[in-house]
Amino acid sequence: MKDVELKMLERAKALLQSGEVARVIGWKKGEFCYDPAPASFESVEEMENGFVYNWFCGANLSKYLIQMAKKEGKTAVFLKPCDTYSFNQLVKEHRINRENVYVIAVECLAKLDVEKMKAKGVSFITDVEVVDKDVKVTTAYGVETLYKPDVVLSKCAVCTKTHQVKDEEIILHERPEREVNRFEEVEKLEAMTEDERFAFWREQLSKCIRCNACRNVCPACSCVKCVFDNPASGIAAKANDDKFEEQLFHIIRAFHVSGRCTDCGECSRVCPQNIPLHLLNRKFIKDIDTLYGEYQAGEESEGKTPLTTYTEGDTEPNDVFNGEAK
Amino acid sequence: MQEVTEKKEFTPTIVAFCCNWCSYAGADLAGSSRLTYPANVKIIRVPCSCRVNPMFVLKAFQQGADGVILCGCHPGDCHYVTGNYYTRRRMALLYSFLNYMGIEKERTRLEWVSAAEGARFSAVMNDFVKQVAELGENKRLTDLRVKEGE
């Protein structure tokens, strides 16, 4: 990943120097190697001091473009395959002016989840190197090797996405093709009884502290005025007063992005309580796929979403439960 | 303390969202034709079934509904031409999703009732009330604060 980082740095510096772009959106070094944060760089010095691209750069940068692309001059942005879907979706919704953005597609090869690594008993991480499926972690106590599929972000574990939009690309290593079923967990839940499902979600949602991180990070949740900030909604409180508010918040949040959710998995990544929020969104994606035909939000930057169109022979809501829906 | 042995028969509270042009007129016809439907069906008139936001359904449950039914014009007959087609997609996803969260699927329903179908309106309501009554009280999507105030 170091070679990719150098290439990216070199390219970004050239773009800034030539004046082709006014700023570059990328990741900034954190205190440790595992906490890089999204940042905007406006000069070569800033880039040299702070820019980083490593195995922990899982953050999706496309949402920052809503604000950044409104500024004077062009904005360059590094987008991983999954981020390009969110970008396209935002262009489609007229939240980003495509002409103001210079997209540099970067390779991903799956990002690591530091929480999963810590859960495996690896702490005080100082450096990480990935060779094929081995993650060599240098810690304050020595070197440990982890099996990569065990410690990747849950969104990366089922990712088969490819770059949908690019002005140029920086890809030094090809990602091997693979076949995965991203609906496996949803199917598992569907196979449960109503009581079991209720108990599962009750347990998960009761952990919610209403930090709103899932809403704030979501590239599809880009309303200027959110329904949850409206005092009249009855659930604008900072904390959930009742279990109903937990349910309401998560049902409405998932529903508002249905048909527009690109399954980028940011909601689950940022959840401090580790609620598997992507399973809510994925249920909508799965239902849309089975009822209205396969649809992947963000593949196109124009056209209609499944909920803004219809056909005369759509499945009746009462029939959704009958057999295998349709 | 004396043990309470008396058992009250459960009568569910049903919220019915009816569109102004078909289903509400259908309910009217049921009334003027002297066809009965249970008194515990609370009708809320909406301009079009498409007006019903998923939040309305959830709020109805919060405020103590045991079942929510949505009625609109038959597909193709919408007063606003296409409103109920969008309702159909939206509610198909919402109902399926609520069931995924563990809410009983019998608590939600969508029916198309035209202005001329007074008999059908009464039959649908009777059937839905029976269905929800068999299911019992809504305990999964309720607000404790609302319950306490009762």
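Here the structure is a predicted model, which means the values were calculated and not measured.

Rules and cut-offs
Residues numbered from 1 in each chain as written. Chains lettered and ligands numbered in written order. Predicted model: local features only at pLDDT ≥ 70, side-chain atom pairs only at ≥ 80, totals over all residues. Pairing = 2+ DSSP bridges. Helix = DSSP H or I, 4+ residues; strand = E, 2+ residues; numbered from the N terminus. Contact = placed C-beta atoms within 7 Å. Nonpolar A, V, L, I, M, F, W, Y, C, P; charged D, E, K, R; others polar. Expected span 1.5 Å × (residues − 1). Buried ≥ 20, exposed ≤ 12 C-beta atoms within 10 Å, placed from the backbone. Arc of directions from axis to C-beta.

Let's talk about the pairing of strand 7 (residues 142-147) of chain A
Residue and element names in this part refer to chain A.
Thinking step 1. Direction of pairing for strand 6 (residues 134-139) relative to strand 7: antiparallel, over a ladder of six bridges. Among the inter-strand pairings, V137 is bridged to a residue of strand 7, identified as E144.
Thinking step 2. Between strand 6 and strand 7, which follow one another and run antiparallel, lie two residues.

Concerning the interface of chain A and chain B
Thinking step 1. The partner chain B presents 32 residues to the 31 residues of chain A that form the contact.
Thinking step 2. The dominant element in the side of chain A that touches chain B, judged by the number of residues it contributes, is helix 11 (residues 243-256) of chain A, at six residues.
Thinking step 3. By residue class, the composition of the side of chain A that touches chain B is 16 nonpolar, four polar and 11 charged.

Comments concerning helix 1 (residues 2-18) of chain A
Think of an α-helix as turning once every 3.6 residues; residues three or four places apart then point the same way.
Residue and element names in this part refer to chain A.
Thinking step 1. Between its first and last C-alpha atoms helix 1 spans 24 Å; for 17 residues at 1.5 Å apiece the expected length is 24 Å, and the two agree.
Thinking step 2. Every buried residue of helix 1 is accounted for by M8, A12, L15 and L16. Taken end-on, helix 1 shows its buried residues confined to a sector of 95°, consistent with a single buried face. In helix 1, the exposed residues that point more than 90 degrees away from the buried face are K2, D3, L6, E10, A14, Q17 and S18.
Thinking step 3. Residues of helix 1 that are buried sit in contact with strand 1 (23-28), helix 2 (44-50), strand 3 (75-79), strand 4 (101-106) and strand 8 (168-170).
Thinking step 4. Downstream of helix 1 by one or two residues, G19 has phi in the positive range, about 80°.

Things to note about unusual backbone geometry
Thinking step 1. Of note, R210 of chain A is a non-glycine position whose phi angle comes to about 55°, a positive value.
Thinking step 2. Tracing the sequence through the fold places R210 of chain A in the loop between helix 9 (194-205) and helix 10 (213-217).
Thinking step 3. A positive phi is found at V81 of chain B, a non-glycine position, where the angle reads about 70°.

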